[in-house]
Amino acid sequence: MSLAADVLQGNRRALARLLTAVENHSPDAVEALTKLYPHTGQAHLVGVTGSPGTGKSSLVSQITLALRKSGKTVGIVAVDPTSPFSGGAILGDRIRMRDLSGDPGIFIRSMATRGSLGGLARATANVIRVLDAAGFDIILIETVGAGQSEVDIAGHAHTVLVVEAPGMGDDIQAIKAGILEIADVLVVNKSDDQRAQNTIRALRAMIELSSSRQEQTWINHHGQLTAVLASPDAPSEHNGTHWEVPIQATNSLSGEGIAELIEILDRHRAYMQDNGGLAHRRHMQVVAEVDALLSETLLAHLLDRVDRSRLATLIERAVARELVPQAIVELLIGDFL
Ligand SMILES: Nc1nc2c(ncn2[C@@H]2O[C@H](COP(=O)(O)OP(=O)(O)OP(=O)(O)O)[C@@H](O)[C@H]2O)c(=O)[nH]1
Ligand SMILES: [Mg+2]
């Protein structure tokens with residue numbers, strides 16, 4: 001049987017093997033991904049992002065435990081582009097980690113940093129796809145921050161949780177980094193900290209400020225998701241309803257607020273389904289992916305066709321100041337056209 005068929009049958013060893021192949025961009029992976037693609041699109045993809053140390057991993061553990069109690073299966077993808085995977089604890093607390101491991105209804109994958117951010121983004125998209133095809137009900141994707149557009153989880157997720165914690169002094173920075181713009185749900189974690197109420201108040205003020213501004217809509221502009229203002233008389237988001245970004249306080253040590261957060265996740269999923277938002281995000285995702293692949297493939301093909309010895313000669317002429325570098329590019333492109 002093929003690797004893809006084994007994965008569809010729920011074979012976990014095959015799943016782990018395929019994910020490794022996907023991360024290594026191996027030819028086996030391409031074949032399996034092609035076979036699995038029609039089986040994707042079932043899972044609820046939930047992005048969990050926020051500054052380092054806000055408690056994302058602890059929150060992911062708690063959400064997972066709660067989901068398992070209601071019989072849902074959970075895939076977890078931890079993406080950290082800043083540090084190579086050390087083999088250390090993926091999740092916040094080793095104790096909770098132990099609670100999670102050994103349960104066949106949970107699969108945890110940590111994305112190792114290999115090569116470019118673009119490579120990591122593509123591998124992550126494919127890992128999510130494999131877990132989706134493997135039948136996990138919910139896939140939680142943990143990423144640090146949201147600065148790197150290429151690893152932007154908003155592109156993969158149906159629901160984006162932005163995690164804040166009191167006293168990190170990063171509320172303003174988060175807003176600067178545009179992290180609030182991508183939030184479908186704001187989580188103020190560490191609600192046991194007495195400063196949590198202040199953080200909630202500050203965030204609420206921020207949301208009110210931004211919702212009084214014009215509605216924004218996202219378009220794909222040369223491969224970049226770009227916010228544009230909707231015309232003032234355009235109907236608000238989708239078919240007339242509007243999603244108010246909720247703020248949920250959680251304590252990821254005790255589990256307080258987790259049940260409410262899961263309810264919000266379900267509500268957002270239903271909202272996205274009913275209002276065409278899900279279809280829209282899926283569409284944008286395919287557009288962005290094809291765009292990136294097309295640019296990359298065209299570039300590789302064209303670079304392949306460059307006459308290397310001619311290039312070397314032209315470079316010598318530029319070194320000798322007979323040609324400006326731009327002229328070399330024009331001469332070489334002229335060869336193709
Ligand atoms: N008091 C308190 N501490 C918490 C809570 N949630 C997490 N922590 C602690 O905060 C620290 C960071 O938690 P993590 O879950 O590793 O945070 P993270 O956001 O995943 O961190 P990075 O992956 O490094 O960005 C750990 O010491 C946790 O035990 C909470 O609700 N209350
Ligand atoms: Mg973490």
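Note: the structure precedes this text.
Residues numbered from 1 in each chain as written. Chains lettered and ligands numbered in written order. Predicted model: local features only at pLDDT ≥ 70, side-chain atom pairs only at ≥ 80, totals over all residues.

Draft legend 1. Quick look at the overall build of the protein. A tally of regular secondary structure across the protein gives 12 helices and nine strands. The buried share of the protein, reckoned over its 337 residues, is 33%. Here the analysis covers contacts within the protein between residues at least 6 apart in sequence; of these, 74% occur between residues at least 24 apart. (Helix = DSSP H or I, 4+ residues; strand = E, 2+ residues; numbered from the N terminus. Buried ≥ 20, exposed ≤ 12 C-beta atoms within 10 Å, placed from the backbone. Contact = placed C-beta atoms within 7 Å.)

Draft legend 2. Layout of the nonpolar core. Membership of the largest hydrophobic core comes to 58 residues, with the highest contact counts inside it found for Val-7, Leu-18, Val-46, Val-130, Ile-139, Leu-140 and Ile-141. Sort the elements by how many residues they give to this core and helix 6 (residues 117-133) lands first, with eight residues. Sequence-distant contacts of Val-7, that is, excluding residues within four places in its chain, are made with Ala-14, Leu-15, Leu-18, Leu-36, Val-130, Ala-133 and Ala-134. (Core = buried A, V, L, I, M, F, W, Y, C linked by C-beta atoms within 7 Å.)

Draft legend 3. Unusual backbone geometry, seen in detail. Phi at His-25 is positive, roughly 50°, even though this residue is not glycine. Within the chain, Arg-321 stands out as a residue other than glycine whose phi angle is a positive 70°. By secondary structure assignment, the location of Arg-321 is in the loop between helix 11 (308-319) and helix 12 (325-336). Residue classification places Arg-321 among the exposed residues on the basis of 7 C-beta atoms within 10 Å.

Draft legend 4. Quick look at the packing of helix 4 (residues 56-69) against helix 9 (residues 258-274). Put simply, helix 4 and helix 9 touch, their axes get as near as 10 Å, and they point 75° apart. Taken together, helix 4 and helix 9 sit at an angle that is classed as roughly perpendicular. Each of Gln-62, Ile-63, Ala-66 and Leu-67 in helix 4 lies in contact with helix 9, whose residues at this interface are Ile-258, Ala-259, Leu-261 and Ile-262. Counted by class, the contact of helix 4 with helix 9 contains seven nonpolar, one polar and no charged residues. (Axes fitted to C-alpha atoms, helices over the stretch in contact; angles between N-to-C directions. Parallel < 35°, antiparallel > 145°, perpendicular 65-115°, else oblique. Nonpolar A, V, L, I, M, F, W, Y, C, P; charged D, E, K, R; others polar.)

Draft legend 5. Inspection of the sheet that holds strand 6 (residues 185-188) at higher detail. Taken together, seven strands build an open sheet; the order of strands is 3-2-4-1-5-6-9 and the sheet is parallel. Lying at the two open borders of the sheet, with one neighbouring strand each, are strand 3 (106-111) and strand 9 (247-249). Across this sheet, the average inter-strand angle for adjacent strands is 20°, counted without regard to direction. Note that strand 5 (residues 159-164) and strand 6 share four bridges and pair parallel. Looking at the pairing, Leu-161 lines up with Val-185 of strand 6. (Pairing = 2+ DSSP bridges.)

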